[in-house]
Amino acid sequence: MVSVSRDTAGDASLDVVVVGAGFAGLYLLHRLRSLGFSVRVYEAASGVGGTWYWNRYPGARCDVESVDYSYSFSPELEQEWTWTERYAAQPEILAYLEHVADRFDLRRDIQFDTRITSCHFDETTDRWTLLTDGGERVVAPYCVMATGCLSTTKLPRVPGVESFAGPTFHTGQWPHEPVDFSGQRVGVIGTGSSAIQSIPHLARQAAQLVIFQRTPNFSVPAWNHPLDPDYVAEVKAAYPERRELCRQSQAGFPIEGTPGSASTATEEERAAQFGAKWQEGGLRFLGAFGDLLIDPAANEAASEFLRTKIRERVEDPAIAALLSPTDYPCGTKRLCVDTGYYETFNRDNVTLVDLRRSPIEAITPTGVVTTEATYEFDALVFATGFDAMTGTLANIDIRGTDDLPLIEKWHDGPRSYLGLAASGFPNLFFITGPGSPSVLSNMVVSIEQHVDWIADCLDHLRRTGLGRIEATPEAEEQWVDLVAQLAGLSLFEKANSWYIGANVEGKPRVFMPYLGGVNTYRAQCDEIAANGYQGFSLREGAHRVEARVR
Ligand SMILES: Cc1cc2nc3c(=O)[nH]c(=O)nc-3n(C[C@H](O)[C@H](O)[C@H](O)COP(=O)(O)OP(=O)(O)OC[C@H]3O[C@@H](n4cnc5c(N)ncnc54)[C@H](O)[C@@H]3O)c2cc1C
């Protein structure tokens, strides 16, 4: 048991403060506690789970296969937990994370219902001071932001957005009790991943469902199904090799070998490969060829294949055309994975409104007014996504040396070293921060890698008697340039995606994730650590973290 002592100011004195209790915060707490650090996690929600605590909308499920979208750190956990579906639904993923919290006795070091509002570095003590929304003050030499890439919801910027008199729901902040839309006229604003998952469910309940679409998205069927116990047994028996494949892959999936090139394949070979990947379902489609996100012609072939599938699934050709993206390459906005999304538009109670043709002018107490029509609703669903990757960090008043606010440093786009740290912000780490593979990967793989790297780093500092670590401005500069260069070699900058901040007005247009691949990235991080944390300046801090006996 970790003892929490009091510092001279009377604050809880810890080695590490962690913000967030999702996949990242939970594993970090376990890992650091096992190393004998005293750790406390602060979480705004009333329970664990992060994304899977908040996103309870009907149809919410993972789009990385469950057996891979799970922790690898504990072989016992791997063996005792059994996923029931190819893509687990939100209640099952939340139950898994609750099980993890109980199994590893994590809750005793998590303070729920507590939002961190500010986080300031004190150069005289080399410590971070954090304030909570309840007025509590927490001091620790190290602070880790496990605050999530998709945890700050966003409403559309439309006049009167708060004025609707009926119930409103954001998919990312869904109520805990089931919502019954039976017999109601429901409007859905947005057609990204969450909309694509929820719309088929909402359409089956509501009397009328009107979907407001600004930008259509590409989606591939999930072909979700219950998992065959023999398959689960096979996966469990081979988990060590499977996890290693994930770690050594481009995006954190258990894929062997390198895909060929669409540009050198014949038309028949391309059609056969796209068809095969379509039949496999889900995100694997983008792995059909290695150049789909690099070569415009290769991508256009894939995009056209997906558009053909939309035309096959939607009966009305005009609706099919509206649902077919034509102005960005597939995969450069997050590819969606659906169950019956396009077929939903064949229902009599479903209407698609094209906001490019008739934008929303206002939301009123009774509905939505576009430039062409007025729609009356009993309930409104905002599936308008998140201020991704930086939004949650920007909501915390984070200040480093010289009282520099992080939002000021990141005014023209996020600047980090490895997506893990930033110069001017000593002893502060980000999990899956901008500049790391994060949202372009199976995030559990990336989260575990970051947690392990940070834990090893803190252990190294303790063993060597060094208390302060900070990314150098030069290393950060080079890393930011590399992230930008890789983005420039890809097609990603051709889309107005949340990867590039385009969904938030005023956000700088900078591609945020690192595109070099999970495998290459891991090797770089490991090499940097092996070389004495190259690119970081390490020195004795004004504090000393002692090993504790648990
Ligand atoms: C609907 C949906 C489906 C997804 N499906 C997949 C998938 O299939 N595969 C995949 O790889 N990824 C998926 N993701 C991405 C998902 O976010 C990650 O996989 C993963 O759950 C992130 O874990 P995390 O712990 O880093 O962050 P989160 O789960 O977002 O947890 C962060 C926590 O920090 C808390 N927090 C934030 N700010 C503060 C503060 N100031 N004070 C206190 N607490 C704070 C939040 O309340 C939250 O609980 C999905 C995301 C969404 C929204």
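Here, the structure is the one placed above.
Figured I'd write up the structure that's included with this text.

## With respect to the overall build of the protein
- Looking only at helices and strands, the protein features 16 helices and 23 strands.
- Each of the three principal axes of the protein carries a C-alpha extent, and together these read 70 × 55 × 45 Å.
- By residue count, 58% of the 550 residues in the protein fall in the buried class.
- In the protein, the proportion of contacts linking residues at least 24 apart, taken out of those at least 6 apart, comes to 73%.
- Carbon together with sulfur atoms contributes 50% to the accessible area of the protein, which is approximately 22000 Å² in total.
- In the protein, which carries 48 positive and 72 negative side-chain charges, the distance between the mean positions of the two groups comes to 2 Å.

## Remarks on the packing of helix α14 (residues 443-464) against helix α16 (residues 518-530)
- Across the interface, α14 lies against α16 with an axial gap of 11 Å and an inter-helix angle of 0 degrees. When the axes of α14 and α16 are compared, the pair comes out roughly parallel. Taken together, the residues of α16 that come into contact with α14 (itself represented by Val445, Ser446, Gln449, His450 and Trp453) are Val518, Tyr521, Arg522, Cys525, Asp526, Ile528 and Ala529.
- Across the contact of α14 with α16, the residue classes break down as 7 nonpolar, 3 polar and 2 charged.

## Some thoughts on the sheet that holds strand β10 (residues 168-170)
- Reading across the sheet, the 5 strands line up as β10-β19-β11-β12-β15 and stay open at both edges, with parallel pairing between neighbours. Each having just a single partner strand, β10 and β15 (350-354) make up the two edges of the open sheet. Shown here is a sheet whose adjacent strand axes are inclined to one another by a mean of 20 degrees, direction ignored.
- Strand direction decides the pairing type here: strand β12 (residues 208-213) and β15, joined by 5 bridges, are parallel. Looking at the pairing, Leu209 lines up with Val350 of β15.
- Sheet strands in contact with helix α5 (residues 193-205) are β11 (185-189), β12, β15 and β19 (379-382), and its direction is about 155 degrees off that of β12.

## Here's the deal with the site of the ligand
- Taken together, 33 residues lie around the ligand, and Glu43, Thr51, Asp63, Tyr69 and Met443 are the ones closest in.
- The contact in question runs from an oxygen atom of the ligand to an N or O atom on the backbone of Phe23, over 3.1 Å.
- At 3.1 Å, a side-chain N or O of Trp54 approaches an oxygen atom of the ligand.
- If the ligand stood free it would expose 980 Å²; the protein chains cover 96% of that surface.

## Section: the pattern of salt bridges
- For the structure shown, the criterion picks out 36 salt bridges.
- With a shortest N-O distance of 2.9 Å, Arg185 and Asp378 are connected by a salt bridge. Of the two residues, Arg185 is situated in strand β11 and Asp378 in the loop between β18 (374-376) and β19; the sequence distance between them amounts to 193 residues.
- The exposure class of Arg185 is partly exposed, given its relative accessible area of 33%.

## A look at the packing of aromatic side chains
- Within this structure, the stated rule accounts for 41 aromatic pairs.
- Between Trp81 and Trp83, the ring centres sit 5.6 Å apart and the planes meet at 65 degrees, which makes this aromatic pair edge-to-face. Across the pair, Trp83 and Trp81 agree in class, each one buried.
- Aromatic pair Tyr514 and Tyr521: ring centres 5.4 Å apart, planes at 50 degrees, arrangement tilted. Here Tyr514 and Tyr521 have matching classes, each one buried.
- Ring pairing ties together the aromatic residues Phe23, Tyr27, Trp52, Tyr69, Tyr71, Phe73, Trp81, Trp83, Tyr96 and Phe104, which thus form one cluster.
- Between Arg56 and the ring centre of Tyr53, over which it is positioned, the NZ or CZ distance is 4.8 Å.
- Positioned above the aromatic ring of Tyr328 is the side chain of Lys333, whose terminal nitrogen or guanidinium carbon lies 5.7 Å from the ring centre.

## Some details on helix α4 (residues 90-103)
- Taking 1.5 Å of rise per residue, the 14 residues of α4 would be expected to cover 20 Å, and the 20 Å separating its terminal C-alpha atoms lies within 8% of that figure.
- Taken together, the buried positions of α4 are Gln90, Glu92, Ile93, Leu94, Tyr96, Leu97, Val100 and Ala101.
- If you follow the buried residues of α4, they end up packed against α1 (23-34), α2 (51-54) and α3 (75-80).
- Just past α4, the residue Asp105 takes up positive phi, approximately 50 degrees.

## Here we look at the environment of Pro200
- In this fold, Pro200 is placed in helix α5.
- In contact with Pro200, other than residues within four places in its own chain, are Ala195, Thr339, Gly340, Tyr341 and Thr344.

## Side note on α14
- With 22 residues, α14 extends 31 Å between its outermost C-alpha atoms, agreeing within 8% with the 32 Å of an ideal straight helix rising 1.5 Å per residue.
- A large share of α14 lies buried, amounting to 17 of its 22 residues.
- Where α14 ends, the next residue or the one after it, Gly465, has phi of about 75 degrees, a positive value.

Reading the values: the criteria
Residues numbered from 1 in each chain as written. Predicted model: local features only at pLDDT ≥ 70, side-chain atom pairs only at ≥ 80, totals over all residues. Heavy atoms only, no water. Helix = DSSP H or I, 4+ residues; strand = E, 2+ residues; numbered from the N terminus. Buried < 20%, exposed > 50% of the residue type's maximum accessible area, 1.4 Å probe, protein only. Contact = heavy atoms within 4.5 Å. Areas by Shrake-Rupley, 256 points an atom, 1.4 Å probe, with all protein chains shown as cover. Lys, Arg positive; Asp, Glu negative; His and termini not counted. Charge placed at Lys NZ, Arg CZ, Asp CG, Glu CD. Axes fitted to C-alpha atoms, helices over the stretch in contact; angles between N-to-C directions. Parallel < 35°, antiparallel > 145°, perpendicular 65-115°, else oblique. Nonpolar A, V, L, I, M, F, W, Y, C, P; charged D, E, K, R; others polar. Pairing = 2+ DSSP bridges. Near = heavy atom within 4 Å. Polar contact = N/O pair within 3.5 Å; in protein donor to acceptor, adjacent residues only side chain to side chain. Salt bridge = Lys/Arg side-chain N within 4 Å of Asp/Glu carboxyl O. Phe/Tyr/Trp six-rings, centres within 6.5 Å; stacked < 30°, edge-to-face > 60°. Lys NZ or Arg CZ within 6 Å of the ring centre and 35° of its normal. Expected span 1.5 Å × (residues − 1).

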